[in-house]
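Structural features, examined
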Amino acid sequence: MSLTPELLTILKAAGCTFIRHGKGDHDIWYSPVSARRFVVDSAIKSKHTANAVLKQAGLPNRF
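Residues numbered from 1 in each chain as written. Predicted model: local features only at pLDDT ≥ 70, side-chain atom pairs only at ≥ 80, totals over all residues. Heavy atoms only, no water.

Right, let's get into the packing of helix H1 (residues 4-13) against helix H2 (residues 47-56). Their axes nearest at 11 Å, the elements H1 and H2 cross at an angle of 15 degrees. Overall, the two elements H1 and H2 adopt an arrangement that is roughly parallel. In this structure, H1 meets H2 at a crossing whose hand is right-handed. Residues Leu 7, Ile 10 and Leu 11 of H1 touch H2, and the partners they reach there are Ala 50, Val 53 and Leu 54. Residue composition of the contact of H1 with H2, by class: six nonpolar, no polar and no charged. (Axes fitted to C-alpha atoms, helices over the stretch in contact; angles between N-to-C directions. Helix = DSSP H or I, 4+ residues; strand = E, 2+ residues; numbered from the N terminus. Parallel < 35°, antiparallel > 145°, perpendicular 65-115°, else oblique. Left-handed = near helix turned anticlockwise from the far one by under 90°. Contact = heavy atoms within 4.5 Å. Nonpolar A, V, L, I, M, F, W, Y, C, P; charged D, E, K, R; others polar.)

Here you go:
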(Lines give C-alpha, C1' and ligand atoms only; values in the text may rest on other atoms or scores of the structure.)
Protein backbone atom coordinates (compact mmCIF):
# COMPACT_ATOMS: atom_id res chain seq x y z
CA MET A 1 0.00 0.00 0.00
CA SER A 2 1.37 3.38 -1.03
CA LEU A 3 1.35 6.27 1.44
CA THR A 4 1.79 8.81 -1.37
CA PRO A 5 -1.92 9.74 -1.87
CA GLU A 6 -2.34 10.61 1.82
CA LEU A 7 1.02 12.41 1.83
CA LEU A 8 0.01 14.54 -1.18
CA THR A 9 -3.24 15.49 0.56
CA ILE A 10 -1.27 16.69 3.60
CA LEU A 11 1.18 18.62 1.42
CA LYS A 12 -1.58 20.33 -0.58
CA ALA A 13 -3.42 21.30 2.63
CA ALA A 14 -0.21 22.95 3.87
CA GLY A 15 0.07 25.01 0.69
CA CYS A 16 2.81 22.99 -1.00
CA THR A 17 2.79 23.08 -4.80
CA PHE A 18 3.83 20.71 -7.56
CA ILE A 19 6.73 22.14 -9.59
CA ARG A 20 7.60 19.50 -12.20
CA HIS A 21 8.20 15.84 -12.88
CA GLY A 22 11.66 14.62 -11.98
CA LYS A 23 13.62 11.58 -13.03
CA GLY A 24 11.81 8.26 -13.05
CA ASP A 25 8.72 8.27 -10.86
CA HIS A 26 9.73 11.26 -8.73
CA ASP A 27 8.09 14.68 -8.63
CA ILE A 28 9.54 17.99 -7.45
CA TRP A 29 7.40 19.98 -5.00
CA TYR A 30 7.86 23.35 -3.27
CA SER A 31 6.99 24.17 0.33
CA PRO A 32 6.23 27.75 1.35
CA VAL A 33 6.73 26.69 4.98
CA SER A 34 10.39 25.67 4.57
CA ALA A 35 10.94 27.74 1.37
CA ARG A 36 12.63 24.82 -0.35
CA ARG A 37 12.05 22.24 -3.03
CA PHE A 38 11.86 18.54 -2.22
CA VAL A 39 11.32 15.23 -3.99
CA VAL A 40 8.22 13.04 -3.64
CA ASP A 41 8.29 9.46 -4.91
CA SER A 42 5.08 8.23 -6.54
CA ALA A 43 5.01 5.00 -4.50
CA ILE A 44 6.19 5.66 -0.93
CA LYS A 45 5.69 2.53 1.17
CA SER A 46 7.76 3.41 4.24
CA LYS A 47 6.43 5.55 7.08
CA HIS A 48 10.01 6.76 7.65
CA THR A 49 10.30 8.00 4.08
CA ALA A 50 6.91 9.73 4.24
CA ASN A 51 7.88 11.48 7.48
CA ALA A 52 11.23 12.49 5.92
CA VAL A 53 9.35 14.20 3.07
CA LEU A 54 7.18 16.03 5.62
CA LYS A 55 10.31 17.13 7.49
CA GLN A 56 11.81 18.54 4.27
CA ALA A 57 8.54 20.42 3.73
CA GLY A 58 8.78 21.87 7.26
CA LEU A 59 5.75 19.94 8.51
CA PRO A 60 5.36 17.68 11.58
CA ASN A 61 5.41 13.88 11.35
CA ARG A 62 2.03 12.32 10.53
CA PHE A 63 2.87 8.66 9.86
